[in-house]
Amino acid sequence: MASTYLTRTPSSAGNRRTYTFSGWFKRSNITDSNILFEARIDNDNRFDFRFGDNEKLLIYGEISNSNLVYLETSAVYRDPSAWYHVVVTVDTTQSTQSDRVKVYVNGSQITSFATSTNTLSQNQETPVNTTNVHSIGANTTGGGAYDGYAAHVHFTDGYAYAASTFGSTATNGQWVPNETPSVTYGTNGYFLKFTNASDLGEDFSGNNNDYTKSGSGDRVKDNPKNVFASLNPLYKQGSPTFSEGNTKVVLPAGDGTQGAAANFAPPVGKWYWEIKQGSSTNSSIMVREASDKEDDISYYQGSYAGYELLDGDQNITGNTTSDYGAAYASGDIIMVALDMDNNRVYFGKNGLWADGAGNSNQSSLDDYVPLNGVTNGVPAVTNANGSASATFQFNFGNPAFSITSGNADGNGKGTFEYAPPTNYLALCTDNLSSALTQPIGKGGSYMNTVFYTGNGSNGHAITGVGFQPDWVWLKSRSNAEGHWWGDSNRGVNLRIRSNDTSAEYDTGPGGNNYPGVSAFDSDGFTVGRSDAANGNGNSMVAWNWRAGGSSASNSDGSITSSVTVNTTAGFSVVTHTGTGSGSTTVGHGLGKVPAMIIVKDRGQVRGWNVYHQSIGNNSGVNLNGTGAQSGADSGWWNNTTPTSSVFTLGTYSNESSNYVSYCFAEIEGYSKFGSYTGNGSTDGAFAYTGFRPAWLMIKRTDSANTWYIWDNKRNTFNVCNKELRANTSDAESTTDKLDFLSNGFKMRATYSSLNASGGTYIFMCFAENPFVDSSGIPVTAR
């Protein structure tokens with residue numbers, strides 16, 4: 001927590017040349033400089049590392065007034081919803097200069113630095129492990145305080161360890177803490193677990209090197225293995241002030257202009273939390289749709305269910321109000337029971353639930369407020385008064401305010417003032433793992449990105465995909481070459497390009513004998529000598545999706561289609577022949593309603609038609625162009641929404657020709673096909689996905705603009721700046737645009753193509769990892 005820090009002055013000096021610091025940190029304030037560790041002899045001799053006010057990690061060492069170490073990462077670290085593991089290893093006995101200071105984040109050594117100074121001489125002694133004061137969470141006098149959470153802090157005196165000593169990779173690919181690492185702590189070493197509320201700086205290494213706490217921070221339940229919900233400073237309206245580890249918010253005065261929301265938005269399950277109301281003359285406690293634009297958070301727009309302070313009324317989507325419970329006031333504790341399985345939410349206060357007639361007098365759940373249009377329910381609060389601020393303290397099981405009892409949920413999770421209703425659980429990753437049915441724990445098993453360098457010859461086998469792909473999308477990063485789409489349903493060497501309208505072309509022996517994707521292999525694919533797929537010396541990226549392998553006939557529609565499908569991943573490749581008149585229905589095999597469909601006429605020079613659930617069934621966009629959404633008629637999709645078995649094509653998409661369609665259903669924790677509204681700020685729009693993205697494509701739909709693509713293999717850290725465009729043959733360009741986060745993505749630029757104020761955008765996104773999977777392992781931040 002801010003203004004809380006720990007100090008210790010060693011009674012004897014230790015090894016000043018070799019040591020390791022390891023700790024897990026969850027940031028709350030991501031804009032101020034947050035010092036994680038400092039050792040200081042005086043102003044001219046000190047060593048620290050911190051998250052700087054530019055949101056980068058900085059390792060700083062000053063000896064005799066000379067900056068001998070100044071390592072500032074190229075990456076920014078500004079995700080407040082998940083934990084970071086930071087390891088700094090110093091060993092000046094090393095003969096190689098670059099080995100004398102090593103930095104790791106989430107298990108990976110940092111090698112890309114915006115500024116890199118490391119002039120420590122061999123065997124040089126540093127200010128660490130002297131008999132001067134050392135601090136954790138601030139500098140030694142309390143300045144630059146870290147605002148957030150900390151866990152599993154280790155320090156080894158005289159021993160240099162890599163990050164792999166303190167963490168390991170779980171089966172889902174996530175980095176997790178080793179709670180009992182095999183290390184030698186040395187004279188001044190320690191292990192701070194932060195489990196003793198009365199002695200927060202207690203050392204569990206056996207050395208009794210306890211730290212002394214300054215400030216009001218306390219032990220909390222949030223930890224790297226079980227993350228509790230908190231407020232999300234990246235998804236807000238107006239200028240709220242967050243504190244207490246993002247569990248307290250003050251909304252400034254402003255009628256309908258100030259709002260805050262949480263970072264968890266469950267699609268299913270039953271959930272309980274409490275909110276202590278502070279000063280306000282009128283405000284509302286709400287459950288909102290997580291995909292609503294930020295400008296909707298603060299007032300009655302979008303999809304929501306609310307409970308009003310002034311009169312206790314319910315307020316639901318469409319700004320409909322009616323009697324509900326008793327009005328509440330400063331000091332009251334509001335209870336919220338969210339039932340996403342039945343689309344309802346219950347509110348109460350001070351231990352009693354609302355009766356739906358203006359009273360809060362029921363000992364058990366009674367009358368509910370319906371959730372209309374809410375598919376991912378996010379806790380939120382709003383200030384509905386123009387002249388007064390509003391204060392809220394949240395308790396998601398990790399209370400920000402003092403409570404007089406200690407009620408846990410039915411799984412033994414969390415601490416609440418009042419007992420959660422039966423089957424209602426605290427919003428934490430342990431509980432989410434059992435409530436969410438997520439068939440995919442590691443996105444790379446179904447969608448993966450690989451690189452290769454073209455060699456200009458036939459038979460170039462590309463491996464490392466991890467599965468046999470059924471759709472391979474190739475693009476030269478280094479050269480202006482067209483995109484190459486190949487899929488197992490159509491067969492090898494049959495090229496279509498998202499950047500133009502050309503018909504399918506056979507590049508193999510039956511065509512120009514410059515093969516492209518000439519085989520779909522068990523761990524990748526083989527390319528021939530086509531310039532677009534394998535140009536000599538070209539730096540290539542391949543995006544790969546897994547369907548069902550061999551295709552099968554599907555007669556669900558009015559015509560027979562051929563389908564290869566993976567229902568687990570919600571992806572199918574469909575081929576069919578159009579009838580040439582009227583509309584037609586086509587079976588897609590997904591077993592769920594498609595959220596996005598990409599259709600290409602293979603036999604003619606025609607554009608690529610895209611259906612997206614955020615646009616609807618009477619319009620569409622072209623993948624090969626920049627145009628805004630258009631075609632509000634029956635020609636695209638016959639004004640008919642897809643079903644769980646078929647999609648409908650209107651006259652515009654049903655000529656007498658061969659077609660291929662790429663169909664996608666939304667899979668919780670793996671794929672998201674949504675929309676967002678830009679805000680025109682560098683503190684840009686946030687889009688909730690419920691997972692950490694691995695691949696993202698965005699298109700503005702209310703005006704002409706391009707289709708942008710990013711992936712986590714080209715963009716290994718934030719800010720994501722390496723982009724390609726689906727509708728052009730351009731080589732890769734580099735411009736800072738957005739962050740990939742543990743639960744979504746956030747714009748970090750004001751480009752009209754991605755974040756114009758009031759602009760509307762659709763996206764297609766696939767997961768690196770779910771925010772939490774069925775094993776209960778939460779995602780780390782990047």
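Residues numbered from 1 in each chain as written. Predicted model: local features only at pLDDT ≥ 70, side-chain atom pairs only at ≥ 80, totals over all residues. Heavy atoms only, no water.

> Would you take a moment to explain the overall build of the protein for this structure?
Helix and strand content of the protein: three helices and 59 strands. The globule rule puts the C-alpha radius of gyration for 782 residues at 28 Å, and the 28 Å found for the protein is close to it. With the C-alpha coordinates aligned to their principal axes, the bounding extent of the protein is approximately 85 × 75 × 40 Å. With 782 residues in all, the protein has 60% of them scored as buried. Sequence separation of at least 24 residues holds for 66% of the intrachain contacts in the protein that already meet a minimum separation of 6. (Helix = DSSP H or I, 4+ residues; strand = E, 2+ residues; numbered from the N terminus. Rg over C-alpha atoms; globule rule 2.2 N^0.38 Å. Buried < 20%, exposed > 50% of the residue type's maximum accessible area, 1.4 Å probe, protein only. Contact = heavy atoms within 4.5 Å.)

> How should I be thinking about the packing of aromatic side chains in this particular structure?
We describe a pair of aromatic rings using the distance from one ring centre to the other and the angle between the two ring planes. Within the structure shown, the criterion is met by 57 aromatic pairs. Between the NZ or CZ atom of arginine 344 and the centre of the ring of tyrosine 368, over which it lies, the distance is 3.9 Å. (Phe/Tyr/Trp six-rings, centres within 6.5 Å; stacked < 30°, edge-to-face > 60°. Lys NZ or Arg CZ within 6 Å of the ring centre and 35° of its normal.)

> It is not clear to me how the sheet that holds strand β40 (residues 524-527) should be interpreted in this structure. Could you clarify?
Pairing between sheet strands relies on hydrogen bonds along the backbone, with the strands arranged either parallel or antiparallel. Ordered in space as β34-β40-β39, the three strands form an open sheet in which the pairing is antiparallel. The open sheet has two edge strands, β34 (460-463) and β39 (517-521), and neither has a second partner. Here the strands of the sheet are splayed against their neighbours by 20° on average, with no regard to which way each runs. Bridge analysis of β34 against β40 gives four bridges, and the strand direction is antiparallel. Pairing of threonine 463 across the sheet is with glycine 524, part of β40. (Pairing = 2+ DSSP bridges. Axes fitted to C-alpha atoms, helices over the stretch in contact; angles between N-to-C directions.)

> Could you clarify how one ought to interpret the environment of glutamine 258 in this entry?
The residue glutamine 258 is located in strand β20 (residues 258-262) in this model. By relative accessible area, which is 8% here, glutamine 258 ends up buried. Separated by 19 residues in the primary sequence, glutamine 258 and serine 239 place their C-alpha atoms 6.8 Å from one another. The residues touching glutamine 258, leaving out its near neighbours within four places in the chain, are Gln237, Gly238, Ser239, Pro240, Leu251, Pro252, Ala253, Ser298, Thr382 and Asn383. Separated by 2.8 Å, the side chain of glutamine 258 and the backbone nitrogen of serine 239 make a polar contact. (Polar contact = N/O pair within 3.5 Å; in protein donor to acceptor, adjacent residues only side chain to side chain.)

> I tried to follow the layout of surface pockets on my own but got confused; where do I start?
Unfilled space is identified by rolling a water-sized probe across the atoms. In this model, the largest pocket occupies a volume close to 830 Å³. Asn106, Ser108, Arg692, Thr716 and Glu768 are, among the 35 residues lining the largest pocket, the residues nearest its centre. Among the elements of the structure, β6 (66-76), β9 (108-109), β33 (447-453), β54 (691-700) and β59 (760-770) are those that each provide at least two residues to the lining of the largest pocket. Grouping the constituent residues of the lining of the largest pocket by class yields 11 nonpolar, 19 polar and five charged. There is about 700 Å³ of room inside the second largest pocket. Around the second largest pocket, the lining is made up of 36 residues, and of these Ala150, Ala151, Lys193, Phe194 and Val220 lie nearest the centre. Sorting elements by how many residues they give to the lining of the second largest pocket places strand β12 (residues 148-157) first, with five residues. (1 Å grid on protein atoms, 1.4 Å probe; cavity = no way out; pocket = protein on both sides within 12 Å on 5 of 7 lines; lining within 4 Å. Points joined across faces, edges and corners; volume = space filled by probe spheres on them. Nonpolar A, V, L, I, M, F, W, Y, C, P; charged D, E, K, R; others polar.)

> Explanation requested: the pattern of salt bridges in the structure shown.
Using the criterion set out here, one finds 29 salt bridges in the structure. We note a salt bridge from arginine 692 to glutamate 768, for which the minimum N-O separation is 2.9 Å. Of the two residues, arginine 692 is situated in strand β54 and glutamate 768 in strand β59; the sequence distance between them amounts to 76 residues. Residue class for arginine 692 comes out buried when judged on its relative accessible area of 6%. A cluster of three or more residues bridged by salt bridges with shared partners is formed by Glu55, Arg78, Asp739 and Arg748. (Salt bridge = Lys/Arg side-chain N within 4 Å of Asp/Glu carboxyl O.)

> For this particular structure, what's the right way to read the sheet that holds strand β3 (residues 34-42)?
Within the open sheet, the eight strands sit side by side as β10-β6-β5-β4-β3-β11-β1-β16. Their pairing is antiparallel. At either margin of the open sheet sits one strand with a lone partner, and together these are β10 (113-118) and β16 (212-214). Each neighbouring strand pair of the sheet contributes to a mean axis angle of 15°, computed without reference to strand direction. With seven bridges connecting them, β3 and strand β4 (residues 45-51) associate as antiparallel partners. Looking across to β4, one finds that phenylalanine 37 is bridged to phenylalanine 49.

> Explain the side chain of serine 22 to me, please; I cannot follow it from the model alone.
Checked against the element boundaries, serine 22 lands in strand β2 (residues 18-27). Accessibility expressed as a relative area gives 0% for serine 22, which makes it buried. Within the local environment of serine 22, its side chain forms a polar contact with the side chain of histidine 85, the two groups lying 2.9 Å apart. Residues contacting serine 22, with those up to four places away along its chain left out, are His85, Val86, Val87, His152, Val153, His154 and Phe166.

> Just checking my understanding: could you explain the side chain of histidine 134 for this structure?
Following the sequence through the fold, histidine 134 ends up in strand β11 (residues 134-136). From its side chain, histidine 134 meets the backbone nitrogen of asparagine 129 in a polar contact 3.0 Å long. There is a polar contact of 2.8 Å between the side chain of histidine 134 and the backbone oxygen of asparagine 132.

> Please explain the nonpolar core as it appears in this structure.
When a protein is soluble and globular, its nonpolar side chains tend to lie buried together. Counting 77 residues, the largest nonpolar core has Val249, Trp273, Ile285, Val345, Val381, Phe392 and Phe394 as its most contacted members. Among the elements that make up this core, the one with the highest residue count is strand β26 (residues 333-339) (five residues). Apart from residues lying up to four places away in sequence, tryptophan 273 is in contact with Val287, Ile334, Met335, Val336, Leu338, Pro379, Phe394, Asn395, Phe396, Phe416 and Leu427. Core analysis: the second largest hydrophobic core is formed by 39 residues, Leu6, Phe51, Ala82 and Leu192 among them. (Core = buried A, V, L, I, M, F, W, Y, C linked by side-chain atoms within 4.5 Å.)

> It is not clear to me how unusual backbone geometry should be interpreted in this structure. Could you clarify?
Phi is mostly negative for residues that are not glycine, and the peptide bonds are mostly trans. The omega torsion across asparagine 718 and valine 719 is 10°, close enough to zero to call that bond cis. Along the chain, the position of valine 719 falls in the loop between β55 (707-711) and β56 (720-725). The phi torsion at asparagine 106 lies on the positive side, around 55°, for a residue other than glycine. Here asparagine 106 is to be found in the loop between β8 (101-105) and β9. A residue is classified by how much of its surface remains accessible, and asparagine 106, at 15% relative accessible area, is buried. A positive phi angle, close to 60°, is found at asparagine 319, a residue other than glycine. Tracing the chain through its elements places asparagine 319 in the loop between β24 (314-316) and β25 (320-322).

> I'm lost on the pairing of β59 in this one. Help?
Look at any regular strand and the pattern is simple: side chains alternate between the two faces of the sheet. Of all 11 residues in β59, nine are buried; the element is thus mostly enclosed. Pairing between strand β51 (residues 671-672) and β59: two bridges, direction antiparallel. Bridging from a neighbouring strand, serine 671 pairs with phenylalanine 766 of β59. Where strand β52 (residues 675-677) and β59 come together, three bridges link them in antiparallel fashion. Across the sheet, residue serine 675 finds its bridge partner in β59, namely isoleucine 762.

> Explain the environment of glycine 580 to me, please; I cannot follow it from the model alone.
Among the secondary structure elements, glycine 580 is positioned in the loop between β44 (571-577) and β45 (584-587). The exposure class assigned to glycine 580 is partly exposed, which follows from its relative accessible area of 42%. When the C-alpha positions of glycine 580 and glutamate 655 are compared, they lie 3.9 Å apart, and in sequence the two are 75 residues distant. Contact partners of glycine 580, with chain neighbours within four places excluded, come to Asn654, Glu655 and Ser656.

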